[in-house]
Amino acid sequence: MTRIAVLFSLVLFTAMPTIGQEIQAEPPLPQPRPEELGGDNGVEEAPLAEPETKQVDKPERQTGELERVYQAACPALLTGSIIGQMVSPLSEGSCGLQSPIAVSGIVVNGREIPLSGTPVTNCTMATALADWAGEVDAYAVAVLDTEIESLVTGPGYTCRLRNGADTGFVSEHGLGNAIDITAVDLVDGSTISVLDDWRALPAQPEAKFLGFAHSAACGRFTTVLGPEANSEHEDHFHFDLGCHGQSCTAQICE
């Protein structure tokens, strides 16, 4: 064997894999994409179909069917502190009241005291009135040796401007947030009237009673107007819970 043959055999033997060694073949190259199909960007995807929306017809309102009126319950009415009934909402231009109560009486110191005018007010106003009457009744028992029989009141809700003017702001009466007291009937048969007894001699029991009633109201209502306020209130007390000042806590007591 020639020298060239020996070298060729040695190279061939070295290139062959050893026993037990796996021959790893190179992965095949991907076939080129046929030109007639174009590139990936040339394939148009079918647009997604929009979901079908089913038209639902609103049920027709049956003849005579009324919309529900939402009103707020009054705790004082539920517990029996005030006597009355809820009435339909009121709306007249700028006036109105969502949950009006026609108040026929209030319960004071375990007794029912009628309100002659059956005023229509909101719950907060009626509750404050019952609390005020409780203080005044206690004064009548302690000083006059009698009790309140009934309160002579105005209608409460009345759509008008303040002081009955032609221009200006809506009165709290137009919001069901006010009540007027003209007189107090006592169990002993006497009547104390704002018109007749306010300007009586300060020493008179009736004048003192009205003075206490006025002062007690100033601690419970934001507005208290009497004969000293103006001629419009010469014959009655006006109580309301209107907002005065930025925090609604300022009070007017005249």
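Here, the structure is the one placed above.
Just so we're clear, the structure is a prediction, and the values are computed from it rather than from any experiment.

Participant: Where do I start with the overall build of the chain in this structure?
Facilitator: The number of helices and strands found in the chain is five helices and twelve strands. Classification of the 254 residues of the chain by burial places 33% in the buried group. Residue pairs in contact within the chain that sit at least 24 positions apart in sequence constitute 56% of those at least 6 positions apart. By element, 55% of the accessible surface of the chain is carried by carbon and sulfur atoms, the whole surface being about 17300 Å².

Participant: I'm lost on the state of the cysteines in this one. Help?
Facilitator: When the sulfur atoms of two cysteines share a covalent bond, that bond is a disulfide. Within this structure, the stated rule accounts for four disulfides. The disulfide that involves Cys 243 links it to Cys 248, with 1.8 Å between the sulfurs. In this structure the cystine formed by Cys 243 and Cys 248 twists about its S-S bond by roughly -80°; its chirality is therefore left-handed. With relative accessibility at 46%, the residue Cys 243 sits in the partly exposed group. The class for Cys 248 is partly exposed, based on a relative accessible area of 38%. If one numbers only the bonded cysteines of the chain, in the order they occur, the disulfide pattern is 1-3, 2-4, 5-8, 6-7.

Participant: Would you take a moment to explain the packing of aromatic side chains for this structure?
Facilitator: What describes a pair of aromatic rings is the distance from one ring centre to the other and the angle between the planes of the rings. Scanning the model with the defined rule gives six aromatic pairs in all. Ring centres of Trp 132 and Phe 239 lie 5.1 Å apart, and the angle between their planes is 65°; this geometry places the pair in the edge-to-face category. Remark: Phe 239 occurs in strand E11 (residues 237-240) and Trp 132 occurs in helix H3 (residues 123-144); sequence separation between them is 107 residues. When its relative accessible area of 1% is taken as the criterion, Trp 132 is described as buried. Residue classification places Phe 239 among the buried positions, given a relative accessible area of 0%. Look at Trp 198 and Phe 237: their rings are 5.7 Å apart centre to centre, the planes differ by 85°, and that puts the pair in the edge-to-face class. Here Trp 198 is found in the loop between helix H4 (194-197) and helix H5 (205-218), whereas its partner Phe 237 is found in strand E11, with 39 residues between them in sequence. Phe 237 sits in the buried class, given a relative accessible area of 2%. Members of the aromatic cluster, joined through ring pairs, are Trp 132, Trp 198, Phe 221, Phe 237 and Phe 239.

Participant: Would you mind showing me how to read unusual backbone geometry here?
Facilitator: Most peptide bonds take the trans form, and the phi angle of most residues other than glycine is negative. For Asn 109, which is not a glycine, the phi torsion comes out positive at approximately 50°. By the element assignment, Asn 109 lies in the loop between strand E4 (101-108) and strand E5 (111-114). On the accessibility criterion, Asn 109 (52% relative accessible area) is exposed. In this structure, Cys 248 takes a positive phi of about 65° despite not being glycine. Note on placement: Cys 248 falls in the loop between E11 and strand E12 (252-253).

Definitions and limits used
- Residues numbered from 1 in each chain as written.
- Predicted model: local features only at pLDDT ≥ 70, side-chain atom pairs only at ≥ 80, totals over all residues.
- Heavy atoms only, no water.
- Helix = DSSP H or I, 4+ residues; strand = E, 2+ residues; numbered from the N terminus.
- Buried < 20%, exposed > 50% of the residue type's maximum accessible area, 1.4 Å probe, protein only.
- Contact = heavy atoms within 4.5 Å.
- Areas by Shrake-Rupley, 256 points an atom, 1.4 Å probe, with all protein chains shown as cover.
- Disulfide = S-S within 2.5 Å.
- Phe/Tyr/Trp six-rings, centres within 6.5 Å; stacked < 30°, edge-to-face > 60°.

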